[in-house]
Amino acid sequence: MPLAQQNARDPLLQPFQLKHLTLRNRIMSTAHEPAYSEDGMPKDRYRLYHVEKAKGGVAMTMTAGSAIVSEDSPPAFGNLFAFRDEIVPWMKRLADECHEHGTAVMIQLTHLGRRTSWNKGDWLPVLSPSPVKEAAHRAMPKTIEDWDIDRIVADYAAAAQRMQEAGLDGIEIEAYGHLLDAFWSPATNQREDDFGGSLENRTRFSNMVLAAVRKAVGDAFIVGFRLVADEQWDIGLTKEDGIEICRRLVGTGKVDFLNVIRGHIDHDAPLTDVIPIQGMAASPHLDFAGEVRAATRFPVFHAARIADVATARHAIAEGKLDMVGMTRAHIADPHIVRKIEAGIEDRIRPCVGATYCLDRIYEGGGALCIHNAATGREATIPHIIRPTDGPRRKALVIGAGPAGLEAARVLAERGHQVEVLEASGEAGGQVRLAARNPRRRELIGIIDWRLSELARLGVPIEYNVFAEEEDVRARAPDVVVIATGGIAHTPPLTAGEELVVSSWDILAGTVKPEGPVLLYDDHGGHGGMSAAEMIAKAGVELEVVSPERLFAPEVGGMNYTPYARAIVEAGVRVTINTRLKSVRRDGNALVAVLGSDYSSNTTERRVAQVVVEYGTLPMDDLYVALKPQSRNLGAVDYKALIRQQAPIPLSNPNGDFDLIRIGDAVHSRNIHAGIYDAMRYGLLI
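Residues numbered from 1 in each chain as written. Predicted model: local features only at pLDDT ≥ 70, side-chain atom pairs only at ≥ 80, totals over all residues. Heavy atoms only, no water.

Student: Can you help me understand the state of the cysteines in this one?
Tutor: As enumerated under the stated definition, the model contains 0 disulfides in all. Left unpaired, Cys369 is separated from the closest cysteine sulfur, that of Cys351, by 7.0 Å. For Cys369, a relative accessible area of 7% puts it in the buried group. (Disulfide = S-S within 2.5 Å. Buried < 20%, exposed > 50% of the residue type's maximum accessible area, 1.4 Å probe, protein only.)

Student: Quick question: what am I supposed to make of the side chain of Glu613 here?
Tutor: With respect to the helices, strands and loops of the structure, Glu613 is situated in strand S25 (residues 609-613). The side chain of Glu613 sits in the buried core without any salt bridge; Arg440 is the nearest counter-charge, 10 Å away. From its side chain, Glu613 meets the backbone nitrogen of Gly615 in a polar contact 3.0 Å long. In contact with Glu613, other than residues within four places in its own chain, are Ser503, Trp504, Tyr520, Asp521, Asp522, His523, Gly527 and Gly528. (Helix = DSSP H or I, 4+ residues; strand = E, 2+ residues; numbered from the N terminus. Lys, Arg positive; Asp, Glu negative; His and termini not counted. Salt bridge = Lys/Arg side-chain N within 4 Å of Asp/Glu carboxyl O. Polar contact = N/O pair within 3.5 Å; in protein donor to acceptor, adjacent residues only side chain to side chain. Contact = heavy atoms within 4.5 Å.)

Student: Would you mind going over helix H4 (residues 146-165) with me for this structure?
Tutor: Every α-helical turn comprises 3.6 residues, leaving residues that sit three or four positions apart pointing alike. With 20 residues, H4 extends 29 Å from end C-alpha to end C-alpha; this agrees with the ideal 28 Å at 1.5 Å per step. Just downstream of H4, Gly167 is the residue with a positive phi angle, here 85°. (Expected span 1.5 Å × (residues − 1).)

Student: Help me understand the sheet that holds strand S22 (residues 579-586), please; the structure alone is not making it clear to me.
Tutor: Within a sheet, each strand pairs with its neighbour through backbone hydrogen bonds, oriented either parallel or antiparallel. Judged by pairing direction, the sheet is antiparallel, and its 3 strands sit side by side in the order S22-S23-S24 without closing on themselves. Strands with a single pairing partner mark the edges of an open sheet, and in this sheet they are S22 and strand S24 (599-607). Pairs of neighbouring strands in the sheet enclose a mean axial angle of 20°, with direction left out of account. In this structure, S22 lies alongside strand S23 (residues 589-596), joined through 7 bridges in antiparallel fashion. Across the sheet, the residue bridging to Arg584 is Val591, located in S23. (Pairing = 2+ DSSP bridges. Axes fitted to C-alpha atoms, helices over the stretch in contact; angles between N-to-C directions.)

Student: Got a minute to help me understand the pairing of strand S20 (residues 542-545) in this structure?
Tutor: Successive side chains on a regular strand alternate, one facing one side of the sheet and the next facing the other. Covered by surrounding structure in S20 are Leu542 and Val544 together with Glu543 and Val545, the residues of both alternating faces. The pairing of strand S19 (residues 517-521) with S20 spans 4 bridges and is parallel. Paired with Val517 across the bridge in S20 is Leu542. In this fold, the crossover linking S19 to S20 by way of helix H20 (residues 526-537) has right-handed handedness. Relative to strand S21 (residues 573-575), S20 is paired through 3 bridges, and the arrangement is parallel. Bridge pairing in S21 links Val544 to Val574. Note on the crossover from S20 through helix H21 (residues 557-569) to S21: the handedness is right-handed. (Right-handed = clockwise from strand over helix to strand, strands pointing away.)

Student: What is the right way to read the pairing of S25 from this model?
Tutor: Of all 5 residues making up S25, 5 are buried, and the element is well covered by its neighbours. Neither face of S25 is left uncovered, since the one carrying Gln609, Val611 and Glu613 and the one carrying Val610 and Val612 both have all their residues buried. In the sheet, strand S18 (residues 501-502) pairs with S25 via 2 bridges, with the strands oriented parallel. Paired with Val501 across the bridge in S25 is Val611. Of the pairings in the sheet, the one linking S19 to S25 comprises 5 bridges and is parallel in character. Looking across to S25, one finds that Leu518 is bridged to Val610.

Student: In this structure, what is going on with the sheet that holds strand S13 (residues 394-398)? I would like to understand it.
Tutor: In space, the 5 strands of this open sheet follow the order S15-S14-S13-S16-S27, with parallel pairing throughout. Each edge of the sheet is formed by a strand with only one pairing partner; in this case those strands are strand S15 (461-462) and strand S27 (658-661). When S13 meets strand S16 (residues 479-482), the two strands line up parallel, connected through 4 bridges. Looking across to S16, one finds that Val397 is bridged to Val481.

Student: Any chance you could explain helix H24 (residues 671-682) here in plain terms?
Tutor: Taking 1.5 Å per residue, 12 residues should reach 16 Å; H24 reaches 17 Å between its end C-alpha atoms and fits that length. With 12 of 12 residues buried, H24 is to be regarded as a mostly interior element. Those residues of H24 lying buried are Ile671, His672, Ala673, Gly674, Ile675, Tyr676, Asp677, Ala678, Met679, Arg680, Tyr681 and Gly682. Packing partners of the buried residues in H24 comprise helix H14 (356-362), helix H15 (402-413), helix H16 (429-434), helix H17 (444-457), helix H23 (638-642) and S27. Taking the backbone nitrogen of His672 as reference, a side-chain oxygen 3.3 Å away marks Asn670 as the first, capping residue of H24.

Student: What is the right way to look at the UniProt feature "domain: FAD/NAD(P)-binding" (unreviewed entry) in the protein chain in this model?
Tutor: Taking the UniProt record as the reference, the feature "domain: FAD/NAD(P)-binding" (unreviewed entry) is found at residues 395-625. Within the segment residues 395-625, helix and strand shares are 32% and 28% respectively, and the terminal C-alpha atoms sit 18 Å apart. (UniProt positions renumbered as here; feature names shortened; annotations may be inferred.)

Student: Can you help me understand the packing of aromatic side chains in this one?
Tutor: Any two aromatic rings considered together are summarised by their centre-to-centre distance and by the angle between their planes. Here the structure, examined in full by the defined rule, presents 9 aromatic pairs. A ring pair is formed by Phe77 and Tyr362, whose centres lie 5.8 Å apart and whose planes are at 80°; its orientation type is edge-to-face. Of this pair, Phe77 sits in the loop between strand S4 (60-68) and helix H3 (87-100) while Tyr362 sits in helix H14, and the two are 285 residues apart along the sequence. A relative accessible area of 10% places Phe77 in the buried class. On the accessibility criterion, Tyr362 (32% relative accessible area) is partly exposed. Arranged with centres 4.9 Å apart and planes meeting at 55°, the rings of Phe183 and Phe205 form a pair that is tilted. Of this pair, Phe183 sits in helix H5 (residues 179-184) while Phe205 is found in helix H7 (residues 204-217), placing the two residues 22 residues apart along the sequence. Put simply, the rings of Phe183, Phe195 and Phe205 touch in pairs and so form one group of aromatic residues. For Arg439, the ring lying beneath its charged end belongs to Tyr563, and the centroid distance is 4.8 Å. Above the plane of the ring of Tyr676 lies Arg680, whose end atom (NZ or CZ) is 4.1 Å from the centre. (Phe/Tyr/Trp six-rings, centres within 6.5 Å; stacked < 30°, edge-to-face > 60°. Lys NZ or Arg CZ within 6 Å of the ring centre and 35° of its normal.)

Student: Please clarify how the packing of helix H2 (residues 44-55) against H3 should be interpreted in this entry.
Tutor: For any two helices packed against each other, the geometry is given by the interaxial angle and the distance between the axes. H3 packs onto H2 with a crossing angle of 20° between their chain directions and a minimal axis gap of 9 Å. Taken together, the axis directions place H2 and H3 in an arrangement best described as roughly parallel. When you trace H2 past H3, the crossing you get is right-handed. Taking contact as the criterion, the partners of Asp44, Tyr46, Arg47, His50, Val51 and Ala54 in H2 are, on H3, Trp90, Arg93, Leu94, Glu97 and Cys98. Of the residues belonging to the contact of H2 with H3, the class tally is 6 nonpolar, 1 polar and 4 charged. (Parallel < 35°, antiparallel > 145°, perpendicular 65-115°, else oblique. Left-handed = near helix turned anticlockwise from the far one by under 90°. Nonpolar A, V, L, I, M, F, W, Y, C, P; charged D, E, K, R; others polar.)

Have a look at this one:
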């Protein structure tokens, strides 16, 4: 069937009429806060992030997650300041540029209520219907007063007017873990006045907000609600009440769409059920969203780990949704729609559910995709790599882990002749090791996508070649990229280093856990926690020991949840502020000697096995051997690299090749760091 005919029949590519607004297809990016704001404004980085999705063909991008309407709703994670007039020109530029590419733009507005911290922003009291503490931000809120209600209603209306003035297509009012739905939920509303008790009373405040907003912007401007319609909580908002709230909102005649979600988010564990990560059910609330659509017969949007095109297509074709949100999927690949239209769905970079993006946001950083280094860096790194204008060169990449494969991909896209040598019998490096944990097997998508792209680009990979100087010289390359990764590192011990095994041994299955096990994690990332999860699920007695004052500090809150569940369910003992000093053999057992940075006292544990996690030790022998033969002697001009200028100095004019080292071959980091290395070096060759 011709491509044009296929597209004409594709449910995802059909337009949707939302009031006066024609959305060009059924795919949207729902509201989320990438934490790219500057001074609460959506400046260049924020704008370019959304414009890229517009270039990629998305029908609508919902900005902010959420933009705050009042000063006493201090930013929790880089929120935009919708209460300031100066946001208007910034939002106008963003909207205008997205409109040029055919994409509608809206914004989500909120008062965070208790879901923030009082010691941010202007240090004003945080609010909620009742003084019920919010676990995630440890906020004990002030009970909202009548005068607070009046001014916040006015703030919503003023913020909506600003967005209308900026030329946006509409707004979405947030009622999902924030102030408005805190009135709806019995878990957070213990009032006995006109705002508590009956459903009519509990929805009074949100109805006041909606009425004020609609009066401020008129009937033509689009206004929707992003709302929780079932908290799935024995003390919270029930499904019955949630669907009734949806019906009542529709019945006001003041709402144009519902964007529904299910669950509650007052701390990390339920939040991860609302927004699932890898190893959890995909699109878990899709059928529920379909129930809301059937009950209301009204436009319904929804997003919650709808990461693949097939599921999105099913959601539209089966009438479960009118618009399907593929939000994290667009962080991985903002050009999803264009690739569908071009008939190259197989080239869509997959979202692997790593949720590095959200963990960075919630931990105070900007959103980054674990394997797309261009997202959030659109000002300097393109999503579509163009051929070089310079000479085509012969490049040799040593190592087929994520960094090496990305380097090969970028160099090949640039038009260079690329060859990859890999010491083992398969590609993947530490990603393949991490994917040995069944719950994290989706990570292999990082490797599979790159292997597919390299096959398309005609890049050969030679396996089972432990490259040495002779192998490099025999191929006479112009550029050598060292992406050899590393090996498991061992923490400094006063004795017994030969008696321990690494977390890699556990993950690879080369060492079977034998209890009791002491796992010493002096790295704080996924390696130790993943090994702990696998040991715990094997039913082996386990204690995890860490020198940190916070447990697993390099694992964000959303990824922490499944680890914590496995550990708690297995009764694993967790000990922090404690270092492994030494290990000795005692008969058939091992004795681990533990100490602390805070005391000279030591204690001992008698165990069958000691497992250690201390990051990665670079495998840099080949790099060191090749340095004297290289034109740059291995040196890099970091200032030039940062500015995306030629970073390879000509230190040795008689050298044979440029030498670049990336990823864990440099030092112990993570997947994103290696891919970012590969991308920014590759673009300059």
